[in-house]
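Fold and geometry: a report
The lines below spell out each chain.
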Amino acid sequence: RGNVLILGEAEIYQDPFACLLESAGYQVDRLNSDAAFDGTVDLTTYQLILRLDGTNWSEVIPPAGQDALVTYVNGGGGLLMNEWVLWSNGIYPAE
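Let me begin by describing the structure that accompanies this report. (Residues numbered from 1 in each chain as written. Predicted model: local features only at pLDDT ≥ 70, side-chain atom pairs only at ≥ 80, totals over all residues. Heavy atoms only, no water.)

1. Describing the overall build of the protein
- A tally of regular secondary structure across the protein gives three helices and four strands.
- Taken from the N to the C terminus, the helices and strands of the protein come in the order β-α-β-β-α-β-α.
- Long-range pairs, those at least 24 residues apart, make up 72% of the contacts in the protein between residues at least 6 apart in sequence.
- Split by element, the accessible area of the protein, about 5,800 Å² in all, is 57% carbon and sulfur. (Helix = DSSP H or I, 4+ residues; strand = E, 2+ residues; numbered from the N terminus. Contact = heavy atoms within 4.5 Å. Areas by Shrake-Rupley, 256 points an atom, 1.4 Å probe, with all protein chains shown as cover.)

Listed below in structure tokens is the structure:
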């Protein structure tokens, strides 16, 4: 099927997503530290990045990692995020 990177959160929160994806035939890699996502991870091997945020919302992806995500998505890579990513970055829905 393809490769998926789960980025962010502790493994206990990644586990349900990893189990679901692996049972569907995906190869899953995990990186639970936002700070470690510093732009050195080769994202070209992934069909999807699942970006989780919530319990460690104060941890920030370094600028080089953010640039790598933008490049990945602009190049056609898939990115799926939960709502806490928006909240922790100050992006709120209009009321």
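2. A word on the nonpolar core
- Among the nonpolar cores identified, the biggest contains eleven residues, and these are Leu5, Leu7, Leu31, Phe37, Leu43, Tyr46, Ile49, Ile61, Ala68, Leu69 and Tyr72.
- Among the elements of the structure, strand E1 (2-7) and helix H2 (63-74) are those that each provide at least two residues to this core.
- Sorting elements by how many residues they give to this core places H2 first, with three residues.
- Grouped together as the second largest cluster of nonpolar side chains are seven residues, Val4, Ala18, Val28 and Leu50 included. (Core = buried A, V, L, I, M, F, W, Y, C linked by side-chain atoms within 4.5 Å. Buried < 20%, exposed > 50% of the residue type's maximum accessible area, 1.4 Å probe, protein only.)

3. Structural notes on the sheet that holds strand E4 (residues 78-81)
- Reading across from one edge, E2-E1-E3-E4 is the order of the four strands in this open sheet, with parallel pairing throughout. Strand pairing shows two members of the sheet lacking a second neighbour, strand E2 (26-31) and E4, which therefore form its edges. With direction set aside, neighbouring strand axes in the sheet form an average angle of 20 degrees.
- Relative to E2, E1 runs parallel, the two being bridged by six bridges. Note that in E2 the partner of Gly2 across the bridge is Tyr26.
- Sheet strands in contact with helix H1 (residues 11-23) are E1, E2 and strand E3 (48-51), and its direction is about 165 degrees off that of E2. (Pairing = 2+ DSSP bridges. Axes fitted to C-alpha atoms, helices over the stretch in contact; angles between N-to-C directions.)

4. Topic: H2
- Between its first and last C-alpha, H2 extends 16 Å over twelve residues, near the 16 Å set by a 1.5 Å rise per residue.
- Regarding H2, the residues found buried are Gly65, Ala68, Leu69 and Tyr72. Along the axis of H2, the buried residues cluster in a sector spanning 100 degrees; they form a single face. With respect to the buried face of H2, the exposed residues turned more than 90 degrees away are Pro63, Asp67, Thr71 and Asn74.
- Of the surrounding secondary structure, the elements contacted by the buried residues of H2 are E1, E3 and E4.
- Count one or two residues on from H2 and you reach Gly76, which has phi positive near 105 degrees. (Expected span 1.5 Å × (residues − 1). Arc of directions from axis to C-beta.)

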